[in-house]
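One-letter residues, chain by chain:
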Amino acid sequence: MKLAIEQANENIVLKEGGPFGAVIVRDQEVICAAHNMVLANLDPTAHAEIIAIRKACKVLATCDLSDCTLYTSAYPCPMCLSATIWANIKEVRYGNTPKEADRIGFRDDFIYKFIQEGSKDQHVLKITQTGHDQSIETFKNYVEELHA
């Protein structure tokens, strides 16, 4: 956790993104460390956890990080939490809470609420299903190919 916090603190000086850091560890060995790169990369998805997951996957030559632990200076936002689950990481250790991130200007808590309420706030984001008859065919083809 100390290294994740160091990454977050370093980014206050670097100004490459928000004050967030993340580290991925496997078998007591640090695989990688990262900090938020949203501003440096002009990429709203370049959160510390996402950068760390990408680095760890390259270092370990796999997209399955099930034997790794993610240390992060703050509870992962919904995007980072989803990426953590997609990477099969089974344990996350975090420092600050979403409410604490909200108090310094980050919307994590707001996004969690948006999801919990079923994404119904059309002023935030309009989500409409379109073209299902055509798009479902891709899923059917995928399943057929898997079983071919």
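Residues numbered from 1 in each chain as written. Predicted model: local features only at pLDDT ≥ 70, side-chain atom pairs only at ≥ 80, totals over all residues. Heavy atoms only, no water.

**Side note on the nonpolar core**
Next, step 1: Formed by 25 residues in total, the largest nonpolar core has its most connected members in Ile24, Ala52, Ile53, Ala56, Leu65 and Ile89.
Next, step 2: Among the elements of the structure, strand 1 (21-26), strand 2 (29-35), helix 3 (48-60), strand 3 (68-74) and helix 4 (78-86) are those that each provide at least two residues to this core.
Next, step 3: In this structure, leucine 65 is in contact with Ile24, Ile53, Ala56, Cys57, Leu60, Ala87, Asn88 and Ile89, ignoring residues within four places of it in sequence.
Next, step 4: The next biggest cluster of nonpolar side chains, apart from the first, holds five residues, and it includes Ala4, Val23, Val25 and Tyr71. (Core = buried A, V, L, I, M, F, W, Y, C linked by side-chain atoms within 4.5 Å. Buried < 20%, exposed > 50% of the residue type's maximum accessible area, 1.4 Å probe, protein only. Helix = DSSP H or I, 4+ residues; strand = E, 2+ residues; numbered from the N terminus. Contact = heavy atoms within 4.5 Å.)

**What about the pairing of strand 1?**
Next, step 1: Counting buried positions over the six residues of strand 1 gives five, a clear majority of the element.
Next, step 2: With antiparallel pairing between neighbouring strands as the criterion, strand 1 and strand 2 make up a hairpin whose turn holds two residues, including aspartate 27 at a positive phi of roughly 50°. (Pairing = 2+ DSSP bridges.)

**Observations regarding the packing of helix 3 against helix 4**
If you want to describe how two helices pack, look at the angle between their axes and the distance between the axes.
Next, step 1: At a minimum axis separation of 9 Å, helix 3 and helix 4 run at an interaxial angle of 20°. When the axis of helix 3 is compared with that of helix 4, the two are roughly parallel. By crossing handedness, the relation of helix 3 to helix 4 is classed as left-handed. Here Glu49, Ile50 and Ile53 of helix 3 lie close against helix 4, whose contacting residues are Met79, Cys80, Ala83 and Thr84.
Next, step 2: Here the contact of helix 3 with helix 4 is built from residues that sort into five nonpolar, one polar and one charged. (Axes fitted to C-alpha atoms, helices over the stretch in contact; angles between N-to-C directions. Parallel < 35°, antiparallel > 145°, perpendicular 65-115°, else oblique. Left-handed = near helix turned anticlockwise from the far one by under 90°. Nonpolar A, V, L, I, M, F, W, Y, C, P; charged D, E, K, R; others polar.)

**Let's talk about the pairing of strand 3**
Next, step 1: For strand 3, the tally of buried residues reaches seven of seven residues, placing the bulk of the element in the interior.
Next, step 2: In terms of strand pairing, strand 1 meets strand 3 through five bridges, oriented antiparallel. Considered in strand 3, the bridge of valine 25 is made with threonine 69.
Next, step 3: The sheet contact formed by strand 3 and strand 4 (residues 91-96) spans five bridges and is parallel. Bridge assignment links threonine 72 to a residue of strand 4, and that residue is tyrosine 94.
Next, step 4: Since strand 3 and strand 4 lie parallel, the crossover through helix 4 that links them has a hand, and here it is right-handed. (Right-handed = clockwise from strand over helix to strand, strands pointing away.)

**Focus on the UniProt feature "domain: CMP/dCMP-type deaminase" (unreviewed entry) in the protein chain**
Next, step 1: According to UniProt, the feature "domain: CMP/dCMP-type deaminase" (unreviewed entry) maps to residues 1-109 in the numbering used here.
Next, step 2: Strand forms 24% of residues 1-109 and helix 43%; the C-alpha atoms that close the span are 22 Å apart. (UniProt positions renumbered as here; feature names shortened; annotations may be inferred.)

**Looking at the packing of aromatic side chains**
Next, step 1: Within the structure shown, the criterion is met by three aromatic pairs.
Next, step 2: Between the aromatic rings of phenylalanine 20 and phenylalanine 106, the centroid separation amounts to 4.8 Å while the plane-to-plane angle is 85°, which identifies the pairing as edge-to-face. Taken together, the positions of phenylalanine 20 in the loop between helix 1 (2-14) and strand 1 and phenylalanine 106 in the loop between helix 5 (98-103) and helix 6 (108-116) put the pair 86 residues apart, joining distant regions of the chain.
Next, step 3: Classification of phenylalanine 20 by relative accessible area gives buried; the value is 11%. (Phe/Tyr/Trp six-rings, centres within 6.5 Å; stacked < 30°, edge-to-face > 60°.)

**A look at helix 6**
Next, step 1: Along helix 6, the residues classified as buried are Asp108, Tyr112 and Phe114. In an axial view of helix 6, the angular spread of the buried residues amounts to 160°, which keeps them on one side of the axis.
Next, step 2: Structurally, helix 6 contributes buried residues whose contacts are with helix 4 and helix 5.
Next, step 3: Among the residues trailing helix 6, glycine 118 stands out with phi positive, at a value near 80°. (Arc of directions from axis to C-beta.)

**Some points on the side chain of threonine 84**
Next, step 1: Residue placement: threonine 84 occurs in helix 4.
Next, step 2: You can call threonine 84 buried: its relative accessible area is 2%.
Next, step 3: In this structure threonine 84 touches Ile53, Leu70, Ile89 and Val92, once residues within four positions along its chain are discounted.

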